[in-house]
Amino acid sequence: MFYREAGDFKTSYRDDNQTFPIRLDRAGYWIALFVAFCVIPFFVNDYWVNSIFAPFFIYAIAALGLNILTGYAGQVSLGTGGFMAVGAYACYKLMVAFPEINIVFHVLIAGGITAAVGVAFGLPSLRIKGFYLAVATLAAQFFLVWLFNKVAWFYNYSASGQINAPERTVFGVIVTGPNTEAWAKYMICLVFLVGVAWVARNLTRGMTGRKWMGIRDMDIAAEIIGVNPLMAKMSAFAVSSFFVGIAGALFFAVYLGAAEAGESFGITKSFLVLFMVIIGGLGSIFGSFAGAAFMVLMPVLLKNLLVGTMGWPTEIAAELEFIIVGGLIVIFLILEPHGLAQLWRLTKEKLRLWPFPH
Amino acid sequence: MTFKRVAAASVAALMVASPVMADLVFPSLSYRTGPFAAGGIPYADGFADYMTLLNERDGGVGGVAIQVPECETAYNTEKGVECYESTKGMGALAYNPLSTGITYQLIPKATADDIPLYTPGYGRTSAANGNVFSHVFNFPANYWNGASAAINHVLDLNGGDLKGKKIVLLHFNGAYGKEPIPTLTKLGEKHGYDLTTIPIDYPGQEQKAQWLQIRREKPDYVLFWGWGVMNQVAIQEAANIRYPMDQFIGVWWSGAEHDVKPAGEKATGYKAMTFHGVGSDYPVFDDLQKYVVDAGKAAGDGSNVGTVIYNRGVYAAMMLAEAAKNAQEIHGVKDITSAQMRDGLEQLEITNARMAELGMEGFGPEFKVSCANHGGPGSIAIQQWDAAAGKWSLISDFGASDMEVIQPLIDADSAAYAAENKIEPQCN
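Keep in mind that this is a model prediction, so the values were computed, not measured.

J.: Explain the interface of chain A and chain B to me, please; I cannot follow it from the model alone.
T.: Many authors give the size of an interface as the accessible area that is lost as the parts come together. Each partner contributes to the interface: chain A provides 35 residues, whereas chain B provides 37 residues. When contributions to the side of chain A that touches chain B are tallied by element, the ones reaching two or more residues are helix 3 (46–72), helix 11 (261–264), helix 13 (285–309) and helix 14 (314–335) of chain A.

Listed below in structure tokens is the structure:
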């Protein structure tokens, strides 16, 4: 009743292939964009941005990146934290070395550098698959973190190995450093997220994405029909690492403002992003958002509920948080192994028939 | 529709607004979970219990009650930022996050928000230069004082000559553990010892490789910058390879009862630095027992009273309470703001007479904070563990550190920070 295709006629292939073929979806998409760009920036404060929006947006970018590699191209990666570190340290070195260049370009170049590193560590994927590839990317994770701890040049020889983001502006508005206004921080993350999601969506529904999916579903068959596995796998690693690098750069420069390799980009980060992708739904753009939202918002929500509202001791709440989030992950994976994206798909199916399912 | 109700409940839960309180608010960014909880719990308990004691015995500071809202960080910087943002709206007067990593995050943020950070014995060492770090206070001692004090102790043992000696710094591979490296390197040039640094990655439950290297290199002394579970593991490993315990010296965060007890008898002789007194033979602990623990108002189960880390929490809380009192006197108001609190910290003077009044005579040094010096005197003693007696005892006096080496390092590091962030010196 609410969610109908009836009467929504398509008269061209272009219309038929659009991202949101159903009118209600389209409207929802534009409303969401309008609210995100034109309403929320006027109401956000430091707490909302630093605890909710900035981490959500940045993890969504990272999840999109990993989803391209793992969800679309089928290459398991446990190196996300390491690649985020590459983005962060590249961004830091660029920010310090070329202060006159706009931070937006630094973030993009940091993404590019990460893409190159990602391709280098992706080379083994031509020979090995599955668990073995996961182990190879795990090596990338440990190697990169070790490198950024060991070589003092990366952190400009600071006493503690910490990198600190200096103040930078976009169109005269401060976007990094402690004096950043909440809305500026929100907007820069949002702009990058929307850009990345747009690119990801259009790549995955085009030829590149189909090649990735071909490789994922059966690499030999894909090769027989003319997909070059070298190009497909390397492009998946490049695009994925590019996004993850952007996420790392924003994570360091905009969100945290200071970072150290071991603490901020450890193996736990790789697992966190992998969980987001799995819970959200492998091979789904919406799933990346849903997974990031779930993993970022759930702990904050539980903490506010248990400590803020119910006044429980913090340690019990923290332990319980692990149990609840862990339990929810297990429940989700049992009830809906294809993640939140599939849940949403089913909901849409139900809504189309509602209220007369038979 | 249930979905709507869930959504509404979620939004409501996210928005939980904290009431603005007219109390003195000292948020405690504690960690009672995770691999560093062994140190985080007694510290948070000590901090909270002292504030409770002031509320119960004296009715707060200057008649204004103290609030200590806790927020769990698990030593994680992201959670630390979340905690900072969620508690600063309560009218937070000062932060004491007990994590060097979180401190690095908060230094610029808190400075911009005009809230002081108090990081006794941890955090960014060069913040001792108040000229650059207007809102950060790390008196009475910092890591570089500690590094120098350890070397001084070793010098004493060797009749003032360390030429050709091998010293290993075994450290947590993070901001905290890396802090002493520049000082130890500089001191090495001065005294002619060889420094090797061996990092331990978070969380440090596995240190076989590190101790194998120590066994191979046979250093004359091992200095140790560890925390949480990695302390117990290191001391156990040292015992396993029969490394002489009296040549193994931890920083103050690696010298608590719970660190040495798991190794049993073999831990006897292990040394650690400290910047405050040990044990519970101070009148303030009797009061804590009477007003807080026996009254059932303790943050923990009360078993930690008098232990090293608990005492440090008490000491930090005492400093903040004294600073708040000082701020009230300076500005003549009861309900101080965080900016006034900063002035209170900057003009704080701790005298022996005052320490005696507080029931902490001889617990810590006498000192006076100034605009330029936020670092305090940096006097440090060495304590040694006796497993049979089950207690720490001081084996040296509170001695000064080599400021000739440290001060130029502080100046250089803070000047670099000032240049990076375009900070004008605040003192004239």
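Now that the structure has been shown, the text picks up again.
J.: Honestly, the sheet that holds strand 8 (residues 194–200) of chain B in this entry has me stumped. Any pointers?
T.: Across a sheet, strands are paired by hydrogen bonds formed along the backbone, either parallel or antiparallel in direction. Residue and element names in this part refer to chain B. Reading across from one edge, 8-7-9-10-11-14-15 is the order of the seven strands in this open sheet, with mixed pairing throughout. Sheet topology places strand 8 and strand 15 (391–394) at the edges, where each strand pairs with a single neighbour. Taken pair by pair, the neighbouring strands of this sheet meet at an average axis angle of 25°, ignoring direction. Summarising the sheet, strand 11 (residues 271–274) and strand 14 (residues 381–386) pair through four bridges and their orientation is antiparallel. Looking across to strand 14, one finds that Lys 271 is bridged to Gln 384. Helix 5 (residues 143–157) contacts strand 9 (221–225), strand 10 (248–250), strand 11 and strand 14 of the sheet and is inclined by roughly 130° relative to strand 11.

J.: Explain the nonpolar core here, please?
T.: Nonpolar side chains tend toward joint burial in soluble globular proteins. Residue and element names in this part refer to chain A. Core analysis: the largest hydrophobic core is formed by 238 residues, its most contacted members being Ile 58, Ile 61, Ala 88, Cys 91, Cys 189, Leu 250 and Phe 252. The greatest single-element share of this core, amounting to 18 residues, is contributed by helix 10 (residues 229–256). Apart from the residues lying within four places of it in its own chain, the contact partners of Leu 250 are Ile 58, Val 107, Cys 189, Phe 192 and Tyr 255.

J.: Honestly, the packing of helix 2 (residues 37–58) of chain B against helix 11 (residues 283–293) of chain B in this entry has me stumped. Any pointers?
T.: For any two helices packed against each other, one specifies the crossing angle of their axes together with the interaxial distance. Residue and element names in this part refer to chain B. Put simply, helix 2 and helix 11 touch, their axes get as near as 9 Å, and they point 75° apart. One way to sum up the angle between helix 2 and helix 11 is to call them roughly perpendicular. Two secondary-structure elements touch here, helix 2 through Asp 49, Thr 52, Leu 53, Glu 56 and Arg 57 and helix 11 through Asp 287, Leu 288, Tyr 291 and Val 292. Per-class residue counts for the contact of helix 2 with helix 11 are four nonpolar, one polar and four charged.

J.: Got a minute to help me understand the pairing of strand 14 of chain B in this structure?
T.: Here is the key point about a regular strand: its side chains alternate between the two faces of the sheet. Residue and element names in this part refer to chain B. Both strand 14 and strand 15 contribute to a ladder of four bridges, which runs antiparallel. The residue of strand 15 that forms the bridge with Gln 383 is Leu 394. The antiparallel pairing of strand 14 with strand 15 creates a hairpin that spans four residues between the two strands, and Gly 390 there sits at a positive phi of about 70°.

J.: What is the right way to read the pairing of strand 9 of chain B from this model?
T.: All names here are of chain B. In terms of burial, strand 9 is largely enclosed, as five of its five residues are buried. The alternating pattern of strand 9 places Tyr 221, Leu 223 and Trp 225 and Val 222 and Phe 224 on opposite faces, both of which are buried. Where strand 7 (residues 166–172) meets strand 9, five bridges bridge the pair, whose relative direction is parallel. Note that in strand 9 the partner of Val 168 across the bridge is Val 222. Bridge count between strand 9 and strand 10: three bridges; the pairing is parallel. Residue pairing in the sheet places Phe 224 in a bridge with Gly 250 of strand 10. Each parallel crossover has a hand, and the one from strand 9 via helix 9 (residues 229–240) to strand 10 is right-handed.

How each quantity is defined
Every chain's residues receive numbers from 1 upward, in the order its sequence appears when written. For this description, chains carry letters from A and ligands carry numbers from 1, given in the order in which they are written. Two thresholds apply to this predicted model, a pLDDT of at least 70 for residue-level local features and 80 or more for giving and counting side-chain atom pairs, whereas whole-chain, interface and lining totals are computed over all residues. Contact definition: two residues whose C-beta atoms, as placed from backbone geometry, lie within 7 Å. Put simply, DSSP H or I for four residues or longer makes a helix, DSSP E for two residues or longer makes a strand, and each gets a number counted from the N terminus. Each pair of strands is called paired provided DSSP finds at least two bridges between the two strands. Between the N-to-C directions of two axes lies an angle of 0 to 180 degrees, each axis being a line fitted to C-alpha atoms and, for a helix, fitted only over the stretch in contact. As used throughout, a nonpolar core is a set of buried Ala, Val, Leu, Ile, Met, Phe, Trp, Tyr and Cys residues joined through C-beta atoms within 7 Å of each other. Residues with at least 20 neighbouring C-beta atoms inside 10 Å of their own are called buried, those with 12 or fewer are called exposed, and the rest are partly exposed, where every C-beta is derived from the backbone. Oblique is the label for any angle not under 35 degrees, not over 145, and not in the 65 to 115 range, which are roughly parallel, roughly antiparallel and roughly perpendicular in turn. Side-chain classes follow a simple rule in which Ala, Val, Leu, Ile, Met, Phe, Trp, Tyr, Cys and Pro form the nonpolar group, Asp, Glu, Lys and Arg form the charged group, and the remainder, Gly included, forms the polar group. Note on handedness: a clockwise path from strand one over the helix to strand two, with the strands aimed away from the viewer, defines a right-handed crossover.

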